[in-house]
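Given next are the chains, with one letter for each unit.
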Amino acid sequence: LRARIARLLGADHPERVSLLANTTDAINLVSEGLPWRTGDSMVLAAPDFPSMSLPWRRLEERGVKVREVDLRGVADPEAALQGAMDESTRLLAVSSVHWADGLLLDLPRLGQVCRDAGVLTFVDEIQHFGALPLDVDANAIDFLAAGAHKWQMGAEGVAVFCASRQARDRLRPLRLGWRMLEDPFRFDQAGRPPASDGRLFEAGTPNTLGQVALNASLS
């Protein structure tokens, strides 16, 4: 399943893929897991689905400025998002396809802007993955999340999370548990290190039936 997802996403290796419970899990993983500092800022496309606003807005409690850019009726939404960035901006968070009006953002353009500025990108792909071609590396996407129950034709309770290696190394896991260890079934071995790949963010017992269903649908 990880290999199939990686191929569909244009990721160079299955180890970059994590299997989470839903898109919201992935958003919170990144919003709470990055090492934010007081005075940092992030840019957020708005208005969006509640899960793509609530976790980011909470960062203001940590001294992070959240700049929401209203894209309704904007002729050049990518330019509007770029215009909200400055030297304090650490991350851009967008939905590639808007959940309500279907706005499709130019991900290659945004990715190049962010790469040139040293800004991380988080892309909610739940309305995109499975319907349109996608290449995380060509589009310079650092973090991607997509629940499986939309165009992937999978079950609820499973989500795809893909991170670049450099971006993944900056994330602090929010949940700790037996499955995020390198050898999770070696219960007789003390001091096991955490996994060095996408399994690092899979703390507990997985939704195995949902994963089997997603593997079948993506085939």
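Anyway, here's the lowdown on the structure attached to this text. (Residues numbered from 1 in each chain as written. Predicted model: local features only at pLDDT ≥ 70, side-chain atom pairs only at ≥ 80, totals over all residues. Heavy atoms only, no water.)

Right, let's talk about helix 5 (residues 107-117) for a bit. What helix 5 keeps buried is the set Leu107, Leu110, Gly111, Val113 and Cys114. Projected onto a plane normal to the axis of helix 5, the buried residues spread over an arc of 160° and lie on a single side. For helix 5, the secondary structure elements touched by its buried residues are helix 4 (77-83), strand 4 (89-95) and strand 5 (120-124). At the N-terminal boundary of helix 5, the capping side chain belongs to Asp106, with an oxygen 3.1 Å from the backbone nitrogen of Arg109. Of the residues flanking the end of helix 5, it is Gly118, one or two places downstream, whose phi is positive at about 70°. (Buried < 20%, exposed > 50% of the residue type's maximum accessible area, 1.4 Å probe, protein only. Helix = DSSP H or I, 4+ residues; strand = E, 2+ residues; numbered from the N terminus. Arc of directions from axis to C-beta. Contact = heavy atoms within 4.5 Å. Polar contact = N/O pair within 3.5 Å; in protein donor to acceptor, adjacent residues only side chain to side chain.)

What follows concerns a nonpolar patch on the surface. A surface patch of nonpolar side chains, amounting to about 360 Å² of accessible area, comprises Trp178, Phe185 and Phe187. Tracing the sequence through the fold places Phe185 in the loop between helix 6 (165-168) and helix 7 (208-218). By relative accessible area, which is 57% here, Phe185 ends up exposed. (Patch = residues over 30% accessible without salt bridge, like charges linked within 9 Å, V, L, I, M, F, W, Y side chains within 5 Å. Areas by Shrake-Rupley, 256 points an atom, 1.4 Å probe, with all protein chains shown as cover. Salt bridge = Lys/Arg side-chain N within 4 Å of Asp/Glu carboxyl O.)

Now for the pattern of salt bridges. Two side chains with opposite charge may pair up if their charged atoms get near one another. Tallied over the full model, the rule gives 18 salt bridges. Among the salt bridges present, the one from Arg57 reaches Glu68, with a minimum N-O distance of 3.0 Å. Of this pair, Arg57 sits in helix 3 (residues 54-57) while Glu68 sits in strand 3 (residues 65-70), and the two are eleven residues apart along the sequence. Judged by relative accessible area, which is 40%, Glu68 ranks as partly exposed.

In this section: helix 1 (residues 2-9). Taken together, the buried positions of helix 1 are Ile5, Ala6 and Leu9. Relative to the axis of helix 1, the buried residues are bounded by an arc of 100° and lie together on one face. If you follow the buried residues of helix 1, they end up packed against strand 1 (17-20), strand 6 (143-147), strand 7 (159-163) and helix 7. Note on helix 1: the residue one or two positions beyond its end, Gly10, has a positive phi of about 75°.

Once that is clear, we can look at the sheet that holds strand 3. Reading across from one edge, 1-7-6-5-4-2-3 is the order of the seven strands in this open sheet, with mixed pairing throughout. Among the strands making up the open sheet, the edge pair consists of strand 1 and strand 3. Geometrically, the sheet is characterised by an average inter-axis angle of 15° between neighbouring strands, direction not taken into account. Direction of pairing for strand 2 (residues 41-46) relative to strand 3: parallel, over a ladder of six bridges. The residue bridging Leu44 from the neighbouring strand is Glu68, located in strand 3. Each of strand 1, strand 6 and strand 7 is contacted by helix 1, which is oriented at about 115° to strand 1, the strand it contacts most. (Pairing = 2+ DSSP bridges. Axes fitted to C-alpha atoms, helices over the stretch in contact; angles between N-to-C directions.)

Within the element layout of this structure, Ala140 appears in the loop between strand 5 and strand 6. Between the C-alpha atom of Ala140 and that of Gln112, which follows or precedes it by 28 residues, the distance is 6.7 Å. Each residue touching Ala140, except ones within four places of it in the same chain, is listed here: Gly111, Arg115 and Thr121.

Moving on, we come to the environment of Asp70. The topology assignment puts Asp70 in strand 3. Since its relative accessible area comes to 37%, Asp70 is described here as partly exposed. Taking the C-alpha atoms as reference points, Asp70 and Ser219, 149 residues apart in sequence, are found 38 Å from one another. When sequence neighbours within four positions are dropped, the list of residues in contact with Asp70 reads Ala46 and Pro47. There is a polar contact of 2.6 Å between the side chain of Asp70 and the side chain of Arg72.

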